[in-house]
Each structure stands twice: as structure tokens, then as C-alpha cells.
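Chain and residue survey
For reference, the chains in residue letters:
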Amino acid sequence: MADQLSPDEKFNLITRNLQEVLGEEKVKQVLQERALRVYWGTATTGKPHVAYFVPMSKIADFLKAGCEVTVLFADLHAYLDNMKAPWELLELRVKYYEQVIKAMLESISVPLDKLKFVKGTDFQLSREYTLDVYRLSSMVTEHDAKKAGAEVVKQVEHPLLSGLLYPGLQYLPSLGYAKRAHLMNPMVPGLTGAKMSSSEEESKIDLLDSKEDVKKKLKKAFCEPGNIQNNGVLSFVKYVLFPLRGVFSIKRDAKWGGDKVYSVFEEVEKDFVAEMIHPGDLKASVEDALNELLDPIRKKFESPELRKLTSNAYPDPSKTKAGGKGVKAGGGGDGGGGEDDELAPSRLDIRVGKILSVEKHPDAESLYLEKIDVGEPEPRTVVSGLVAYISQEDLQDRLVLVLCNLKPQKMRGIESQAMLLCASIEGEPRKVEPLDPPEGSLPGDRVFVEGYESGKPDDRLNPKKKVWEKLQVDLKISDECVAQWKDKQLMTKLGQITCKTLKGGNIS
């Protein structure tokens, strides 16, 4: 199709339904010479919702116009924006975004083979990019950074430095890079009349919401008769349904005029203002059209793998914090604090480790010494009795889990500086297996319980408080061989912790 379009036709397709275009002449000039190169970026924070169909429909337009399109998953920006995406969840969030964005594009018949997908940390952690950030910090004033941040970063009373850095990463011309043209999508009103936001549940329809949830949310949506201001239902018709389908059908009972098909949005708007379209009929028609778009996405995410990815990337916050009256605030490196602090698994400094060597304890037949790399300059010495139940050949150069903030203690004259964590089942003989970090893990990677990823481990657990002993009681292996604490998965940023065969075992 693109080969048959003139540069002016391509320009009209590229810029239709946009809120603003900065650099129109530059876009027109490039279209006279070659295909336009476009990137669309999204910070991998909250779950994408139906308003994301607006940029998806524009990506479809870009491809029809012959553009070379790159989709950027801005994971580093997601972290810098007031830590909307915890560092430990960045990789999982990126995987979720990639799967759900691809599912959205497939649902509107956009060919994925013409798209390129990248993530911010693929290049933003490079030496060259880091030097550019330092150069930028010497050019941008605090005043300008705050002013720019107010437009794009969540504002809080005591902003973090990261929120000032975030907008600065877009000051390309200051560093000598060519000025880009900017294609700005409209901000689609949410169901409550304000902006549709991932952080405001009542304002949005999630891509994985059931048909019942869609009906319930649309029923509550702001859609005053004759009022077209801040009308999220009408905006969805304008910015998504018409660009994708070219028509929109109002379905209604014959006694109210019967079904009517519209070929331009302005006619829909005109009839709504004249109250010839009832809000209930508009909502019901949008509901049908929206479910047609969401059905293939829902179906794709029924797979066990994607359901697990969803729950890991977005742990349920209602299940992660224990309540209780009269609980003291606090807790810290000395193991102090109230009941909640005592039982928070985030206080455990569990890391991925790599076993460098294993040998028998010189003064104890049942104990072994392991040298384990836990991401520090020097390996730690671990004295363990569990290793006696494991084949020594299976341990050499193996990745394992290590508890690193217990108080060191001497075991038959040799100081043990950490604890090797294993799955085990009591019996004759006792069965023991090392815990397996996800593929791609490295020594020093932090292990956390889903939902507790933002907590800070104690520098050292106070043995008098018996924090480890109290938490260890609820560490188990599930029937799927997944390590859990109170039914919440143990994870790294790359996925869940498992063992090979010991279903229902303990972790010690």
C-alpha cells in the first residue's frame, strides 16, 4: 500500500488524529527522500489498558505509510519515575509489556515482522550513554529539570533525584544530536472523565478485564447525555474504532430508530450532542466493539506461562502487607521493630551464589566447606551439613541460593559466613536438593518474595530476635516444585526459584 501513496498522502496518514506535531516541515522533507523512521516509547510501569489502543492504531498508520517503526520499552525510565517499577521487577515488566503489546497489535492485524522491539537498558547502560548523562548534568539547571519533570514525572512532596534526571534524558539537541520531530498522541479521557491512568482503577479498562468487568466499568463511565467534554467513551470511538475500522455501528432497539452505521466520527458526535444517541446505546455498542479487540488478547493470556508472568510482574499488593493493631513502626539493621517487621521476608538478604569449591571439614566428618561467590570481591566460606546428602559433582560451579545476613558463627573451628539454602524432605535417607535460580542468573542477584521486592534487608539479623527461624517456618516447596513463603513465590528479577523433584519439601 505504501508504494502507491504520495508523500502528501503518507503525511496525512502519519499525522491524522494526533494532538500535536512538532517539526511538520522536517517530516515532509524526509518523506520526499525516504521512508520515515519512527520510534514509539512506553515506560514499563503499570499494566497497559485500553487507551493503549490509541498509539497501537497510530503504529498501524505508520506501517501503512511505509515507516520503519521501533517500539521502545523504556524500563530505565519506569524505574526513574518515582520507582513506579521496582528494580527487581524491571525485567518481568518488560516481558509482560512485550507480550501484551504484541497481542494488541495482533488483535488489530498489525504485522509484527515489520516492527523492531528494543528496551532502554539495552543501550542506556552503555559507556557512551552514561557519559552523555554526565555531560547533560553539567548543562541543565535544577529549575529547568523541575519544570520539565512536572510534565512527565509523578509529583511528590519530596522528589527523588531520579525524577529530575528522567526528563533530562530527552534533551538531545543540548548534547549536539539532531533535533527530532515529535508526533504527540492525544490524552484519552478515562471512564471517570479525567485522564485514563494505570494507577487509577476506576478510570480504566484493563486489557485482560473479563467481559463482565468491561460491562460493569462502562456502565459506571462518565457519559452525560449531549456532553462531549471529557467523554472517554466517545474518545475511544474517535481515536481507536474509526481509525481501525473506518465505521462505527450504534446498535439499538427498533423502537428507538434501530441500528445505524456511521462512516465519519463527526456524525456520531453531532447525533450525540443532539441526544439522538442515548449514552446507554453508545456504551453498549462500544462494549461490543471493545470485546472484539480484547478477545484475542484474553485468549493468548490464558496460557499458564503468561498467567504466571502476569502475576509475577504485578504481584497483588493486597496480599503482601500484613495488618494489625498496635504494631510498632520501624525495624532495621539491628533486627528491631514490631511484629510485622519481624515477619517481613524482605529482611532476609538472600542472593544467588556460585559454588567455587567443595571440600570436607578437616575436623568434622559430617560437615563440608564451600567457597561461594555471592557477588562480592571475595567469596564467602559456608560450613554446611546438608551438602553431605548431595552429589559433590552436582555442586561444582553450580548456582545456588545463599542467605547472607546471618551472624557469622564458628562451626568446629571454622567460621561460616553465610547459609546455603536447600530443599529437603526428612526420612531415611534424608532427601536434599539445591534450589535453582532462573536461567541467566548471576552471583549476587537478589532473591525476594513476590510482593516484598521493595523492602531492604537487614545489614545483619539479630540472633536474639530469631527472625530467620520465624520466617523459615513458612518457607516451602509447592506441588509445582516452586520455592514459596506463605504461598508467595521466591523470585529474582528473571523469574521464580525452583527445585528439581522435592514437592512439598521444606527450605533450610
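You'll find the structure just up there.
Residues numbered from 1 in each chain as written. Predicted model: local features only at pLDDT ≥ 70, side-chain atom pairs only at ≥ 80, totals over all residues. Heavy atoms only, no water.

**A word on the packing of aromatic side chains**
The condition that has to hold: Stacked, edge-to-face and tilted are the three classes for Phe, Tyr and Trp ring pairs, Trp counted by its six-membered ring, which pair at centre distances within 6.5 Å; planes under 30 degrees apart are stacked, over 60 edge-to-face, the rest tilted. A run of DSSP states H or I qualifies as a helix once it reaches four residues; a run of E qualifies as a strand once it reaches two. Both are numbered from the N-terminal end. Relative accessibility decides the category of a residue: with a 1.4 Å probe and only protein chains considered, values under 20% of the type maximum give buried, values over 50% give exposed, and everything between is partly exposed.
Taken as a whole, this structure holds nine aromatic pairs when the rule is applied. With a centroid separation of 6.3 Å and an interplanar angle of 80 degrees, the aromatic rings of Phe242 and Phe265 are classed as edge-to-face. One end of the pair, Phe242, is in helix 10 (residues 232-245); the other, Phe265, is in helix 11 (residues 265-273), and 23 residues separate them in sequence. What makes Phe242 buried here is its relative accessible area of 10%.

**Considerations on the side chain of Thr121**
Basically, it comes down to this: Residues count as neighbours in contact if any of their non-hydrogen atoms are within 4.5 Å of one another.
Mapping Thr121 onto the fold places it in the loop between strand 4 (115-119) and helix 6 (127-137). With residues near it in sequence (within four places) discarded, Thr121 still touches Asp75 and Leu76.

**Some remarks on empty space enclosed by the protein**
Note the threshold: Using a grid of 1 Å spacing that covers the protein atoms alone, one calls a set of points a cavity when a 1.4 Å probe fits there but cannot get out, and a pocket when the set is open and has protein on both sides within 12 Å along at least five of seven lines; lining residues are those with an atom within 4 Å of a point. Grid points are joined across faces, edges and corners, and a volume is the space filled by probe spheres set on the points. Each residue gets one label: Ala, Val, Leu, Ile, Met, Phe, Trp, Tyr, Cys and Pro are nonpolar, Asp, Glu, Lys and Arg are charged, and the others, such as Gly, are polar.
In this structure the tally under the stated criterion is two cavities of 30 Å³ or more. The space that makes up the largest cavity amounts to roughly 60 Å³. Taken together, eleven residues make up the lining of the largest cavity; nearest its centre are Val50, Leu191, Leu218, Gly232 and Phe236. Elements with a minimum of two residues in the lining of the largest cavity: helix 10 and helix 12 (279-300). With three residues, helix 10 is the single largest residue contributor to the lining of the largest cavity. In terms of residue class, the lining of the largest cavity is built from ten nonpolar, one polar and no charged. Lining the second largest cavity we find Pro345, Leu348, Ile350, Val447, Phe448, Val449, Leu475 and Leu490. Broken down by element, the residue count for the lining of the second largest cavity peaks at three residues, all from strand 16 (residues 446-449). Grouping the constituent residues of the lining of the second largest cavity by class yields eight nonpolar, no polar and no charged.

**Examining the pattern of salt bridges**
Keep this limit in mind: Counted as salt bridges are all cases of a side-chain nitrogen of Lys or Arg within 4 Å of a carboxyl oxygen of Asp or Glu.
The final tally for this structure, using the stated rule, is 23 salt bridges. Note that Glu376 is salt-bridged to Arg351, the shortest N-O span being 3.0 Å. You can see Glu376 sitting in the loop between strand 9 (368-373) and strand 10 (380-384) and its partner Arg351 sitting in strand 8 (residues 350-360), a full 25 residues away along the chain. Accessibility expressed as a relative area gives 14% for Arg351, which makes it buried.

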